[in-house]
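The lines below spell out each chain.
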Amino acid sequence: MKVAVLGAGAIGAYVGAALHRAGADVHLVARGPHLTAMRRDGVRVLSPRGDFTARAHATDDPAEIGPVDFVLLGLKAHSYAACGPLIEPLLHDTTAVVAAQNGIPWWYFHRHGGPHDGHRLESVDPGGTVSAVLAPERAVGCVVYAATELQGPGVVRHLEGTRFSIGEPDRSVSARCAAFGDAMRAGGLKCPVEPDLRNDIWLKLLGNISFNPISALARATMRQMCLHGGTRQVIETMMRETLAVAEALGCEVGVSIERRLAGAERVGDHRTSTLQDLERGKPLELDVLLAAVVEMAEITGVEVPTLRTVHAISDLLALRSAA
């Protein structure tokens, strides 16, 4: 199996290293000091499950790699529309794109069935610019439950979790999903092929849609948000509104709000990825987390006043931080 990791950051390099360790032909696409370190020393993974080093091929030029069987997309969702020159050299007729992203993916309504089948969400696929680069037919969804961070160039610290749930937009258990899942498991990762990955998308989103924007607005950790009474109440309301949208689209999360909050509180003083991006001056990935659900509420007729309010304020924050 030939795999390219486009955007080999903390998650991408971790998965690439695991696949390489299991014998897959892995190619990592990155840049800057991180790329230099991976070329020189390989990917060093520091993990409570055991440290290891993977010396996979690393480059900043996908043309060096050529067409592959799978592209693991580790880029931020707001970079998808501009990634055409990077991804085109990696594609052949049957190349699958495994999109490891948070939030609502651009392919969400592709082969969804029902009244919204084929609907394009403007917030995640503005003007069809993402679909033009990443054809929905190539998409294999991926919900990441692992936590990793770059400790330094070429060094990935694995914090917890090894689960990467994958699935087809049409809910089939395809040969390509089975093959990718087998390769991931051979590398020591959990990779269930879900009959309906959309349920997993909403489960993960239940936390991201609330904790991520609030953490950036309040500069607060997970524990701080859970322990502050007023903020906790706002987060509960956001979660209830999110569940209402999910249910209107036929999805069941299967986890109570209380359990989700208890799990978040156990994480402790963790800073969400959105807060970390704000502190580092990076773009805030809020369209796929929050704007998309507000848009979905509009097409399903669900009232989401708290989501709309938090979206308005966090959108201003995102605009000001990008200025």
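Our subject is the structure listed above.
Residues numbered from 1 in each chain as written. Predicted model: local features only at pLDDT ≥ 70, side-chain atom pairs only at ≥ 80, totals over all residues. Heavy atoms only, no water.

Draft legend 1. The arrangement of the pairing of strand 10 (residues 155–160) in detail. The sheet contact formed by strand 3 (residues 43–46) and strand 10 spans 3 bridges and is parallel. In the strand pairing of strand 10, V45 is matched with V156. As judged from the 5 bridges shared by strand 9 (residues 147–152) and strand 10, these two strands associate in the antiparallel manner. Among the inter-strand pairings, A147 is bridged to a residue of strand 10, identified as E160. (Pairing = 2+ DSSP bridges. Helix = DSSP H or I, 4+ residues; strand = E, 2+ residues; numbered from the N terminus.)

Draft legend 2. Spatial organisation of the nonpolar core. Counting residues in each nonpolar core, the largest one holds 69 residues, and the members touching the most others are I104, L134, W202, F211, V245 and M296. In contact with V245, other than residues within four places in its own chain, are W202, V293, M296, A297, V302 and V304. A13, L19, A58 and I166 belong to the second largest nonpolar core, which has 39 residues in total. (Core = buried A, V, L, I, M, F, W, Y, C linked by side-chain atoms within 4.5 Å. Buried < 20%, exposed > 50% of the residue type's maximum accessible area, 1.4 Å probe, protein only. Contact = heavy atoms within 4.5 Å.)

Draft legend 3. Region of interest: the pattern of salt bridges. Applying the stated criterion to the full structure yields 17 salt bridges. Among the ionic pairs, D41 bridges to R40, the shortest N-O distance being 2.9 Å. According to the relative accessible area criterion, R40 is exposed, its value standing at 54%. Taking the shortest distance from any N to any O, the salt bridge between R223 and D269 comes out at 3.2 Å. With R223 in helix 7 (residues 222–227) and D269 in the loop between helix 9 (257–267) and helix 10 (273–279), this pair connects stretches of sequence that are 46 residues apart. What you see here is one network of salt bridges that share partners, running through K76, D277 and E285. (Salt bridge = Lys/Arg side-chain N within 4 Å of Asp/Glu carboxyl O.)

Draft legend 4. The arrangement of unusual backbone geometry in detail. Positive phi, close to 55°, is recorded for R111, a residue that is not glycine. Classification of R111 by relative accessible area gives partly exposed; the value is 47%. With a phi close to 70°, R171 is a non-glycine residue in the positive phi region. With respect to the secondary-structure elements, R171 resides in the loop between strand 11 (164–167) and helix 5 (175–186). In this structure R171 comes out as partly exposed when scored by relative accessible area, which is 30%.

Draft legend 5. Expanded view of the sheet that holds strand 9. The 4 strands are arranged 4-3-10-9 in an open sheet whose pairing can be described as mixed. Two strands in the sheet have a free side with no partner beyond their single neighbour: strand 4 (52–54) and strand 9. Each adjacent strand pair in this sheet contributes to an overall mean axis angle of 30°, direction not counted. (Axes fitted to C-alpha atoms, helices over the stretch in contact; angles between N-to-C directions.)

Draft legend 6. Focus on the sheet that holds strand 2 (residues 25–29). Spatial ordering of the open sheet is given by 5-2-1-6-7-8-11, a layout of 7 strands whose pairing is mixed. The sheet is open, and its two edges are formed by strand 5 (57–59) and strand 11, each paired on a single side. Direction aside, neighbouring strands of the sheet carry axes that sit 20° apart on average. Packed on one face of the sheet, helix 1 (residues 10–21) meets strand 1 (2–6), strand 2, strand 6 (70–73), strand 8 (139–144) and strand 11 and runs near 160° to strand 2. Across the sheet, helix 6 (residues 197–218) lies against strand 8 and strand 11, angled at about 35° from strand 8, the strand it touches most.

Draft legend 7. Local environment of the packing of aromatic side chains. Evaluated as defined, the whole model comprises 4 aromatic pairs. Seen from their ring centres, F70 and F180 are 5.1 Å apart, and the 45° between their planes marks the pair as tilted. Of this pair, F70 sits in strand 6 while F180 is found in helix 5, placing the two residues 110 residues apart along the sequence. A residue is classified by how much of its surface remains accessible, and F70, at 6% relative accessible area, is buried. Taking the centre distance of 5.0 Å and the plane angle of 80° together, the rings of Y108 and F109 count as edge-to-face. Side by side, Y108 and F109 carry an identical accessibility label, which is buried. One aromatic cluster is present, formed by Y108, F109 and W202 through successive ring pairs. The ring of F52 carries the charged tip of R21 above its face, separated from the ring centre by 3.9 Å. Over the ring of Y108 we find R198; its NZ or CZ atom is 5.3 Å from the centre of that ring. (Phe/Tyr/Trp six-rings, centres within 6.5 Å; stacked < 30°, edge-to-face > 60°. Lys NZ or Arg CZ within 6 Å of the ring centre and 35° of its normal.)

No statement about biological role is implied by the geometric values presented.
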